[in-house]
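# Observations on the model geometry
Listed here are the chains, written in short residue letters.
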Amino acid sequence: DLEIFAAVTRFAARYKADPHPFQSLAVAFGAPDLMSEAAFECALWARLQSLADKDAFNGYLHDPRVSDDVTSPHFALSLGEEAFFIVGLHPGASRPARRFERPVIVFNPHAQFETLRDQGRYEKLREKIIERDVALAGEPNPMLARHGEAPAASQYSGREVGPRWTAPFRTPSTYNGGTANDP
């Protein structure tokens, strides 16, 4: 997690310096374990929690352009003071577009989606994604939602979840002496 945290915060700093669209950081894990979707989701959120805790411990603030409330439709994981939309990929994913030979976490800067919206390019890109998903799976991904319409966190792992699902994540509080002060 320390190596991932260092890589993501370096990526965030580079992105802030040169924020052109279509930059992402993919972290691939060595073992091509075939995990159930629930097991992958649990592992994904454990990594994200660990990274968020390290972010707070290192004094980074949550990106103010997005919510730090995991139940909010405006939530995004913030690392290095940059908001990210997370995409999890793994061999056991039920959606073909979410399958990969090994577990992967993709960190997509949230700001690039806002840039695409401002440029009027987001909807066309979204339509292409849905079109490709239908070609692969025969139907659109039921978890795909526009930002602000449903909790973004419910889309991170790729597992289909119901409306009562809540991410196993707590917003890190401020740190004092290396231990979290629980809210």
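About the thresholds
Residues numbered from 1 in each chain as written. Predicted model: local features only at pLDDT ≥ 70, side-chain atom pairs only at ≥ 80, totals over all residues. Heavy atoms only, no water. 1 Å grid on protein atoms, 1.4 Å probe; cavity = no way out; pocket = protein on both sides within 12 Å on 5 of 7 lines; lining within 4 Å. Points joined across faces, edges and corners; volume = space filled by probe spheres on them. Helix = DSSP H or I, 4+ residues; strand = E, 2+ residues; numbered from the N terminus. Nonpolar A, V, L, I, M, F, W, Y, C, P; charged D, E, K, R; others polar. Phe/Tyr/Trp six-rings, centres within 6.5 Å; stacked < 30°, edge-to-face > 60°. Buried < 20%, exposed > 50% of the residue type's maximum accessible area, 1.4 Å probe, protein only. Lys NZ or Arg CZ within 6 Å of the ring centre and 35° of its normal. Salt bridge = Lys/Arg side-chain N within 4 Å of Asp/Glu carboxyl O.

### Focus: the layout of surface pockets
- Size it by volume and the largest pocket reaches roughly 960 Å³.
- Looking at the largest pocket, it is lined by 35 residues, and the ones nearest its centre are Phe85, Val87, Phe113, Ile129 and Leu144.
- Contributing elements (two or more residues each) for the lining of the largest pocket: strand E3 (82-89), strand E4 (104-109), helix H3 (110-118) and helix H4 (122-137).
- It is H4 that contributes the most residues to the lining of the largest pocket, eight residues altogether.
- Here the residues of the lining of the largest pocket are counted per class, giving 18 nonpolar, 10 polar and seven charged.

### A few points about the packing of aromatic side chains
- Enumeration according to the criterion identifies 10 aromatic pairs in this entry.
- With 5.9 Å between their ring centres and 85° between their planes, Phe84 and Phe107 make a pair best called edge-to-face. Linking Phe84 in strand E3 with Phe107 in strand E4, this pair joins segments that are 23 residues apart in sequence. Both residues of the pair, Phe84 and Phe107, count as buried.
- Members of the aromatic cluster, connected to one another through ring pairs, are Trp45, Phe75, Phe85, Phe113, Tyr156, Trp165 and Phe169.
- Across the ring face of Tyr122, the terminal group of Arg117 is positioned such that the distance to the ring centre comes to 4.2 Å.

### Comments concerning the pattern of salt bridges
- Scanning the entire structure with this criterion turns up 10 salt bridges.
- A salt bridge links Glu101 to Arg102; its shortest N-O distance comes to 3.7 Å.
- Glu101 gets classed as exposed once you look at its relative accessible area, which sits at 54%.
- Owing to a relative accessible area of 23%, Arg102 belongs among the partly exposed residues under this scheme.
- The salt bridge partner of Lys128 is Glu131, with a shortest N-O separation of 3.7 Å.

Interpretation in functional terms is not warranted from these geometric data alone.
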